[in-house]
Amino acid sequence: MRGRSELRKIFLGLIATMLIEIAIFILVGKTMGIFNTLLLIVLTSIVGIVVAKKQGIDSIQNMQSSLSNGIPPGPAMIDTFLIFLGGLLLAVPGFLTDIVGFLMVVPFTRKLFKPVIFNWLRRKFKNGQVYIYRQ
């Protein structure tokens, strides 16, 4: 039952996000014009993906450095996950998704999301929904 509830929340969240994006497109389109709005969407996506790629490479190198120094890579893995998720949001056309994506990619704002991910993982571990397998 828990899985259905989570899927329902995700589905409703996606629908709400799409409706908000459409409303923002309409408002920005009326203010800036259709061509400028489309240009802005493409430009923010390109810039965001370039930034996400750079940050992602740095994050993977940090994770590898942690592992080679015998340090658990937990925080570096969370950074990598947030950068990946932010990159996906930046690739999706929209202003709201671009804002959230940029916040996840930029290092000084990414730390706002880390406690949410850590708490989510703690709950999953506590409930036995996440397992770590050793080879």
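Residues numbered from 1 in each chain as written. Predicted model: local features only at pLDDT ≥ 70, side-chain atom pairs only at ≥ 80, totals over all residues. Heavy atoms only, no water.

1. What about the overall build of the protein chain?
What the protein chain contains, in helices and strands, is 6 helices and 0 strands. Along its sequence from the N terminus, the protein chain presents helices and strands in the succession α-α-α-α-α-α. Here the C-alpha atoms of the protein chain give a radius of gyration of 18 Å, more than 25% beyond the 14 Å that 2.2 N^0.38 yields for 135 residues. Seen along its three principal axes, the alpha-carbon backbone of the protein chain occupies a region of about 55 × 40 × 25 Å. In the protein chain, which comprises 135 residues, the proportion classed as buried is 27%. Of the contacts formed within the protein chain by residues at least 6 apart in sequence, a portion of 57% connects residues at least 24 apart. Summed over all atoms, the accessible surface of the protein chain reaches about 9900 Å², with 73% contributed by carbon and sulfur. A distance of 10 Å separates the average location of the 15 positive side-chain charges in the protein chain from that of its 5 negative side-chain charges. (Helix = DSSP H or I, 4+ residues; strand = E, 2+ residues; numbered from the N terminus. Rg over C-alpha atoms; globule rule 2.2 N^0.38 Å. Buried < 20%, exposed > 50% of the residue type's maximum accessible area, 1.4 Å probe, protein only. Contact = heavy atoms within 4.5 Å. Areas by Shrake-Rupley, 256 points an atom, 1.4 Å probe, with all protein chains shown as cover. Lys, Arg positive; Asp, Glu negative; His and termini not counted. Charge placed at Lys NZ, Arg CZ, Asp CG, Glu CD.)

2. A short note on the packing of helix H2 (residues 34-68) against helix H4 (residues 95-105)
Direction vectors running N to C along H2 and H4 enclose 20°, while the axes themselves pass 10 Å from each other. The orientation of H2 with respect to H4, classified from their angle, is roughly parallel. With respect to the hand of their crossing, H2 and H4 are arranged in left-handed fashion. In this structure, H2 uses Thr-37, Leu-40, Ile-41, Thr-44, Ser-45, Val-47, Gly-48, Val-51, Ala-52 and Gln-55 to contact H4, whose residues at the interface are Phe-95, Asp-98, Phe-102 and Val-105. Considered class by class, the residues forming the contact of H2 with H4 number 8 nonpolar, 5 polar and 1 charged. (Axes fitted to C-alpha atoms, helices over the stretch in contact; angles between N-to-C directions. Parallel < 35°, antiparallel > 145°, perpendicular 65-115°, else oblique. Left-handed = near helix turned anticlockwise from the far one by under 90°. Nonpolar A, V, L, I, M, F, W, Y, C, P; charged D, E, K, R; others polar.)

3. Observations concerning helix H6 (residues 114-126)
Compared with the 18 Å implied by 1.5 Å per residue over 13 residues, the 18 Å span of H6 between its first and last C-alpha is a close match. For H6, the set of buried residues is Lys-114, Ile-117 and Lys-124. Here the buried residues of H6 occupy an arc of 95° about the axis, which is enough to place them on one side. Opposite the buried face of H6, at more than 90 degrees from it, the exposed residues are Val-116, Arg-122 and Lys-126. (Expected span 1.5 Å × (residues − 1). Arc of directions from axis to C-beta.)

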